[in-house]
Amino acid sequence: MILVNKLSFHFNLSLMMKKISTALITMAFSLVMLFVNLSDTRAQPVELDKIVAVVEDDVVLKSEFNQRLGQIEAQLAQSQGPKPPVEEVKKQLMDQLIIENLQLQQARRAGIRIDDNQLNQYMAFLAQQNNMDFEQFRKALESQGIYQSTREAIRKEIIINQYQNAAVNRRIEISRQEVENYLRSEVGLQQIAPEYHVGHILITSNSGNSNGDFQVLAEVLAEQVRDGENILSIAARGQVNGIPISGGDLGFRKPEDLPSIFQELVPTLSAGEVSDPFTSSSGYHIVQLIETRGGTELKVQQYHVRHILVKPNEIRTDDQAKILIEELYARIQKGEDFADIARQHTEDAQSMVSGGDLDWVGKDNVPEDFMTAIENSELNKINPPVRLSSGWHIIEVMEERVEDVTEDNKRFQAQRILRERKYENELQNWLTEIRDTSHVEIFDY
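As the structure is a prediction and not an experimental result, all values here were calculated from the model.

Participant: Can you walk me through the sheet that holds strand β5 (residues 243-253) in this structure?
Facilitator: Within a sheet, each strand pairs with its neighbour through backbone hydrogen bonds, oriented either parallel or antiparallel. Strand order in this open sheet of five strands is β4-β5-β3-β7-β6, and the pairing throughout is antiparallel. Sheet topology places β4 (239-240) and β6 (278-280) at the edges, where each strand pairs with a single neighbour. Bridge count between strand β3 (residues 194-204) and strand β7 (residues 283-294): 11 bridges; the pairing is antiparallel. Residue pairing for β7: His200 is matched across the bridge by Val287.

Participant: Whenever I open this one, the sheet that holds strand β9 (residues 357-361) confuses me. Can you help?
Facilitator: Pairing within the open sheet is antiparallel, and its four strands lie in the order β9-β8-β11-β10. Strands with a single pairing partner mark the edges of an open sheet, and in this sheet they are β9 and β10 (386-388). Sheet twist, expressed as the average angle between the axes of neighbouring strands with direction ignored, equals 40°. Relative to β9, strand β8 (residues 299-310) runs antiparallel, the two being bridged by four bridges. Of the residues in β9, the one forming a bridge with His304 is Trp360. Along the sheet, helix α13 (residues 368-375) makes contact with β8, β9, β10 and β11 (391-404), crossing β8 at roughly 100°.

Participant: Looking at this structure, I do not really get the packing of helix α3 (residues 86-109) against helix α14 (residues 406-436). What am I missing?
Facilitator: For any two helices packed against each other, the geometry comes down to the angle between their axes and how far apart the axes lie. Where α3 contacts α14, the two axes come as close as 10 Å, and the packing angle between them is 85°. Our classification of the angle between α3 and α14 gives roughly perpendicular. Facing Ile98, Ile99, Leu102, Gln103 and Gln106 of α3, the residues of α14 in contact are Trp430, Leu431, Ile434 and Arg435. Residue composition of the contact of α3 with α14, grouped by class: six nonpolar, two polar and one charged.

Participant: Please explain the pattern of salt bridges as it appears in this structure.
Facilitator: Once their charged atoms are close, side chains differing in charge can pair, the charge on each being opposite to the other. All chains considered together, the criterion is met by 26 salt bridges. Between Arg171 and Glu433 there is a salt bridge, with its nearest N and O atoms 2.9 Å apart. A residue pair is termed long-range when its members are at least 10 positions apart, and Arg171 in helix α6 (residues 147-171) and Glu433 in helix α14 qualify at 262 residues. The class of Arg171 is partly exposed, set by a relative accessible area of 29%. Here Arg411 and Glu407 are joined by a salt bridge, their closest N and O atoms 3.0 Å apart. Of this pair, Arg411 and Glu407 both sit in helix α14, four residues apart, which is roughly one turn of that helix. You can call Glu407 partly exposed: its relative accessible area is 45%.

About the thresholds
- Note on numbering: residues in each chain are counted from 1, in written sequence order.
- Given that the model is predicted, a residue must reach a pLDDT of at least 70 before its local features are reported, and side-chain atom pairs must reach 80 or more before they are shown or counted; all residues, however, enter totals for whole chains, interfaces and linings.
- To get the side-chain values, take all heavy atoms of the structure and skip hydrogens and water.
- We treat two strands as partners when DSSP finds at least two bridges between them.
- A run of H or I in DSSP counts as a helix once it spans at least four residues, and a run of E counts as a strand once it spans at least two, with each numbered from the N terminus.
- Note on geometry: axes are C-alpha line fits, over the in-contact stretch for helices, and angles between N-to-C directions span 0 to 180 degrees.
- It only takes one pair of heavy atoms within 4.5 Å for two residues to be counted as in contact.
- Working rule for angles: under 35 degrees goes down as roughly parallel, over 145 as roughly antiparallel, 65 to 115 as roughly perpendicular, anything else as oblique.
- Any residue outside Ala, Val, Leu, Ile, Met, Phe, Trp, Tyr, Cys, Pro, Asp, Glu, Lys and Arg is labelled polar, Gly included; the first ten of those are nonpolar and the last four are charged.
- For salt bridges, the criterion is a side-chain nitrogen of Lys or Arg within 4 Å of an Asp or Glu carboxyl oxygen.
- Three labels apply to residues, based on accessible area from a 1.4 Å probe with only protein chains included: buried if under 20% of the type maximum, exposed if over 50%, partly exposed otherwise in between.

What follows is the structure, encoded as structure tokens:
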């Protein structure tokens, strides 16, 4: 269950990034275009700001509405084809600003905040999508005078998407029966199947050489690939010793999309493995599985661990915590029972009752520095105290194993796909609900 929850967290983060990346890139570009389109009108008289809508505890200002309208008009001016009526554009924009305002208010009440460090990480991601580093992206925006406004627009967009993701996912229920039905369906089996990246060499056997020549060449080339030569480079030669060869990169393919003569062979290969040469009516084939992605097979390294944690606090300095943990370690070394000392002194509430025993843990359910300490510990030895981010620890690794969690992962993948199917419809339902149940007054705009 811990593993699945961790996977779910990574999925939600990944999904959110996928959703916001296109929107943010478009928004950053739109802000630049807005500046360009408005740069010639700076000297024009500016209308005093006014409220164009009351949205629960907040308002929409005329300046905000006009700024966004300018962005849309700049985009429409560059687009081909018929333009929508201006009044329809304004109505849709007002609806959008109201919905955004409502979500921001709810997000603030839920405590969602994006600090400057987090914002810089998102902006670095945007810069990368535009083939720039963070500094180049910042300078490009500063040169247009819109760096700070872009940062705040992006901050709002991230907050909205974080809150939206959490609120909508809470509404989506995936039953166990739905998962089982999906996993038994033909569509389900195809979607969760792995994809294989395959390289291929074909030695054409319709030239004037004997079959013996083809077989010898096939074995030589297969050995060269096993020794580290690139299979795609060999296939690109066109011929070897006067014998035509071809092939190349088949890319990533699902099992059913592979050539029929490869469909049984390729899933049996490990990443990097090269097949023995085999024949078909076309000639001799050599196949290498370059890499695999997707699929549900998953094995994780796990450790059976117990520990004692002593933390510095308001009345105990870090040095005093170190002295105490060293005293406890010395008592254990002299023969006192580890579990008894853990029950009396550990400050880890999760393992206190069990005498410090954390049961089986892996990298997905303990902090990174704690996992590093586990991996550096000797098996069946009570290791000396070590300082980690959470405090001072005495660690003992009692057992280790490789656990096959393929079945858990398979169900997680099914839940992820089913959730994606339901997300957009549930999002629209949720947005409609919060709009219909909120106090909104719209004035002339």
